[in-house]
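Residues per chain are reported as follows:
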Amino acid sequence: MSAGRGRDAYGCFRIMKHELRTAVFANGWKYLIPAAIALHHCMVNLRVAGERWGMPDYLRDFLKGIPTVRAENHETFLLPGGWMAFFVLMLYFQGKTAKNYTGGMGMQALLRSGRAGYFWRAKWTGCILGVCIWYGAAYLTIVLFCVTVVGAHKEVWESLMHPDGREVMLQLLLPVLAACVIGIWQLVFSMCAGSLPGLFGMYSLVIVSAYFTRWYLPGNYLMKLRVEEMQGGGVSPGRMAAFLTVMLTAGVLAGGRIMKRMDYLPDTKTIDRRR
Amino acid sequence: MVIEIKDITKELGGQPVLKNITLRLESGKVYGLKGRNGSGKTMLMRAVCGLIRLDGGEVAIDGEVLRRDISFPRSVGVLIESPGFIGGCSGYENLRTLTAIKGTTPDERICESLEMVGLDPQEKKPFRKYSLGMKQKLGIAAAIVEDPELLILDEPTNALDEGSVQELKKILRQARKRGSLILLSCHDAEDLMELSDEVIEMKDGTVTSQWSVER
């Protein structure tokens with residue numbers, strides 16, 4: 001590797017570090033929100049299920065979502081509160097820094113990054129890490145709750161590695177991957193249309209996904225019940241993961257292309273000029 | 001450093017904001033942009049920074065075309081519109097975070113830059129509690145902290161008291177002496193004339209005139 005390339009890679013690493021500090025880890029208290037939602041979920045279920053539930057049950061039940069709404073059966077479409085709050089707030093915090101490079105510290109960082117491509121790498125890496133921490137805080141809370149309140153015996157840990165346990169793992173990881181896809185596409189839409197349209201676009205996608213069970217609507221993968229339904233309908237977990245990976249890669253590539261071609265202007269500036 | 005702006009045009013939402021602008025800017029000079037609000041001064045500054053994609057023409061810095069050969073100028077300090085920083089961090093911490101991206105600025109230089117604009121490097125007050133004037137000073141400090149070859153300041157005297165304006169003038173003279181190319185806009189015509197080597201007058205996205213200031 002030439003000295004120039006080495007310096008470039010180091011520059012890329014430093015801009016990532018900056019993004020993590022100013023966007024992902026800034027206002028760290030926000031990660032208490034998913035923890036609080038998870039804790040609420042555990043408390044409610046402890047009261048209902050009592051000692052019948054172990055850690056896999058708590059993990060499986062968290063963010064399970066709703067089954068497909070069948071209008072022909074006159075079923076009412078009601079979004080589960082905890083599930084909705086979890087994603088609305090996650091997307092809100094992602095949206096707050098989605099377009100931070102058009103002014104203030106973000107613009108200073110963009111100019112110092114040297115290359116728009118480096119900055120985009122920092123943005124999507126930060127986005128994925130932010131989603132992982134968001135989910136991680138919730139999952140960790142459930143695990144700690146189970147260990148301290150319900151009691152996690154050796155068998156519980158072993159059950160997670162059992163074939164059924166792997167199923168639990170799959171159900172935990174697919175939603176995280178789907179949330180990463182939605183987060184990345186939120187960044188992309190924010191670039192094209194602005195932060196607010198990007199945020200509401202993703203809210204709409206999540207709500208539409210909750211209504212229609214379709215394999216191509218990534219919001220479905222945020223609900224474990226839907227994942228099970230799709231699995232029952234013949235879509236293998238491998239295919240689901242492959243679809244989400246393709247969507248994630250497409251988002252990263254599209255974002256990189258747009259980042260190099262866009263105007264780095266604040267949303268208000270663009271709107272003002274459109275008179 | 002030589003910046004060649006060749007016949008650049010830019011439209012936003014169907015409205016032309018820059019129209020066929022051609023300029024040649026050289027280091028060691030201060031170029032003052034004069035014009036009313038909406039005349040295109042800030043947009044021209046954004047174009048020189050590589051912050052907008054041009055519809056026509058190109059901006060070349062030392063022969064490297066922005067958005068083709070390089071994304072942004074290699075050494076640039078910018079203050080465009082209101083400065084924004086991390087609200088919970090002090091001025092020093094904000095500058096340290098910013099300079100860590102390039103990793104070439106020692107702590108002493110950060111302190112020196114803060115002192116030059118009249119801020120105390122030891123001040124622990126977070127940015128969100130700064131007055132407008134202090135925020136502006138920190139914005140100027142962020143622009144000069146890395147001794148950039150290209151310094152772009154959009155209305156740097158906003159919210160500054162008379163003493164601070166004099167300090168700013170001193171900073172700009174030093175930067176010019178060091179060989180920086182400075183692009184400046186200022187509402188106060190007297191200050192602009194005093195600081196600039198050349199004045200570029202703009203109206204409705206075009207350069208209407210350009211002249212050297214006689215001293």
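Look a little higher up for the structure.
Values in this document were obtained by computation on a predicted structure and should not be read as measured data.

Student: I tried to follow the pairing of strand β4 (residues 56–61) of chain B on my own but got confused; where do I start?
Tutor: Remark: a regular strand shows side chains that alternate across the two faces of the sheet. Residue and element names in this part refer to chain B. Relative to β4, strand β1 (residues 2–12) runs antiparallel, the two being bridged by five bridges. Among the inter-strand pairings, K6 is bridged to a residue of β4, identified as E58. Both β4 and strand β5 (residues 64–65) contribute to a ladder of two bridges, which runs antiparallel. Counterpart to A60 in the pairing with β5 is V65. Here β4 folds back onto β5, and the loop between the two strands holds two residues, one of which, D62, carries a positive phi near 50°.

Student: Any chance you could explain the sheet that holds strand β8 (residues 181–185) of chain B here in plain terms?
Tutor: Backbone-to-backbone hydrogen bonds pair the strands of a sheet. The strands run either parallel or antiparallel. Residues and elements named next belong to chain B. If you walk across this open sheet you meet the six strands as β6-β7-β8-β3-β9-β10, and the pairing is mixed. Because the sheet does not close on itself, it has two edges, and the strands there are β6 (76–79) and β10 (206–212). Strand-to-strand twist in this sheet, taken as the mean axis angle between neighbours without regard to direction, amounts to 15°. Packed onto the sheet, helix α4 (residues 132–144) meets β6 and β7 (150–154) and runs at close to 165° relative to β6.

Student: Would you take a moment to explain the pattern of salt bridges for this structure?
Tutor: For side chains of opposite charge, pairing can occur when their charged atoms come near one another. All names here are of chain B. Applying the stated criterion to the full structure yields 19 salt bridges over all chains. Between E4 and R24 there is a salt bridge, with its nearest N and O atoms 3.6 Å apart. One end of the pair, E4, is in strand β1; the other, R24, is in strand β2 (residues 15–26), with 20 residues separating them in the sequence. According to the relative accessible area criterion, R24 is partly exposed, its value standing at 45%. Of the charged contacts, one joins E112 and R109 as a salt bridge, the two residues approaching to 3.3 Å between their closest N and O atoms. Here R109 and E112 lie together in helix α3 (residues 107–116), a separation of three residues that amounts to about one turn. Judged by its relative accessible area of 41%, E112 falls in the partly exposed class.

Student: Hey, could you run me through empty space enclosed by the protein in this one?
Tutor: Which parts of space are left empty comes out when a probe the size of a water molecule is rolled across the atoms. Residue and element names in this part refer to chain A. Going through the model one piece at a time under the given rule, you end up with four cavities of 30 Å³ or more. Roughly 170 Å³ of volume is contained in the largest cavity. Along the walls of the largest cavity sit 17 residues, with F93, Q94, T97, G126 and G130 positioned nearest its centre. For the lining of the largest cavity, the secondary structure elements donating two or more residues are α1 (3–24), α4 (81–96) and α6 (116–150). Looking at the lining of the largest cavity element by element, the count peaks at six residues for α6.

Student: Even after reading the chapter, I still don't get helix α5 (residues 162–178) of chain B, so can you show me in this structure?
Tutor: Each α-helix turn comprises 3.6 residues. Residues three or four places apart therefore point the same way. Residues and elements named next belong to chain B. Helix length check: α5 (17 residues) gives 25 Å between terminal C-alpha atoms against 24 Å at 1.5 Å per residue, within 8%. For α5, the complete set of buried residues consists of S164, V165, L168, K169, I171, L172, A175 and R176. Taken around the axis of α5, the buried residues stretch over an arc of 165°, which confines them to a single face. The inward-facing, buried residues of α5 abut β3 (30–34), α3, α4, β7, β8 and α6 (189–195). Sitting at the head of α5, D161 places a side-chain oxygen 3.2 Å from the backbone nitrogen of G163. Count one or two residues on from α5 and you reach G179, which has phi positive near 105°.

Student: For this particular structure, what's the right way to read helix α1 (residues 41–49) of chain B?
Tutor: The element α1 of chain B is extensively covered by neighbouring structure, given that nine of its nine residues are classed as buried. Just downstream of α1 of chain B lies G50 of chain B, where phi reads positive at about 85°.

The rules we used
- Residues numbered from 1 in each chain as written.
- Chains lettered and ligands numbered in written order.
- Predicted model: local features only at pLDDT ≥ 70, side-chain atom pairs only at ≥ 80, totals over all residues.
- Heavy atoms only, no water.
- Pairing = 2+ DSSP bridges.
- Helix = DSSP H or I, 4+ residues; strand = E, 2+ residues; numbered from the N terminus.
- Axes fitted to C-alpha atoms, helices over the stretch in contact; angles between N-to-C directions.
- Contact = heavy atoms within 4.5 Å.
- Salt bridge = Lys/Arg side-chain N within 4 Å of Asp/Glu carboxyl O.
- Buried < 20%, exposed > 50% of the residue type's maximum accessible area, 1.4 Å probe, protein only.
- 1 Å grid on protein atoms, 1.4 Å probe; cavity = no way out; pocket = protein on both sides within 12 Å on 5 of 7 lines; lining within 4 Å.
- Points joined across faces, edges and corners; volume = space filled by probe spheres on them.
- Expected span 1.5 Å × (residues − 1).
- Arc of directions from axis to C-beta.
- Polar contact = N/O pair within 3.5 Å; in protein donor to acceptor, adjacent residues only side chain to side chain.

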